[in-house]
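Results of the structural survey
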Amino acid sequence: QKTAYEIPKRDWSSDVCSSDLDIEFNDWSEAVHSKTGLIEEIADGKTASNIDVDLCNILKDLGGDLILAGKSVYVDRTWAQRYLPNFASLLNHRMLDLTSVDMLLENLGHPIPNRADAHRALDDARQALKSARYYASNISYSTSIQGSV
């Protein structure tokens, strides 16, 4: 089975959804996305349906049943189900939520890697991969869970 590490590299920087979506920003998201520049970029963004097709074309060789992973990833899944239905249909019902892993390990006394709060999809994906690599390299079952159960 292929992993995200094997997905062809491309420039994702221009892949911002346009204002064709009926999205209302709450106060928090408007403040955050004004700061990141996302709201300004929406006017020149691609339609969600075009991004949906692009994602499916990139991921088609991986097959279906892909596991969505990231921080608070249920928000991303909900958004994808609403605005990127073809992409969402490729996803397994299981998700790897690294925020939950953070909480578990922090409660077990492990240090959690610092997180940059970029709140942009590509930056957040890179941060999630960095966290996953950190956990894989620094946390073992015998020292984390077994001694606490």
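This is a predicted model, so every value here is computed, not measured.

**Some thoughts on the pattern of salt bridges**
Inspection of the entire model under this criterion finds two salt bridges. A salt bridge links D54 to K46; its shortest N-O distance comes to 2.3 Å. Of the residues examined, D54 reaches a relative accessible area of 22% and is grouped as partly exposed. Overall, the relative accessible area of 26% leaves K46 in the partly exposed class. Across the pair D102 and K71 runs a salt bridge, and its minimum N-O distance is 2.4 Å. Separated by 31 residues along the polypeptide, D102 in helix 6 (residues 98–107) and K71 in the loop between strand 1 (66–70) and helix 4 (73–83) bring together distant segments of the chain. Accessibility assignment for this pair places D102 and K71 in one class, buried.

Rules used in this analysis
- Residues numbered from 1 in each chain as written.
- Predicted model: local features only at pLDDT ≥ 70, side-chain atom pairs only at ≥ 80, totals over all residues.
- Heavy atoms only, no water.
- Salt bridge = Lys/Arg side-chain N within 4 Å of Asp/Glu carboxyl O.
- Buried < 20%, exposed > 50% of the residue type's maximum accessible area, 1.4 Å probe, protein only.
- Helix = DSSP H or I, 4+ residues; strand = E, 2+ residues; numbered from the N terminus.

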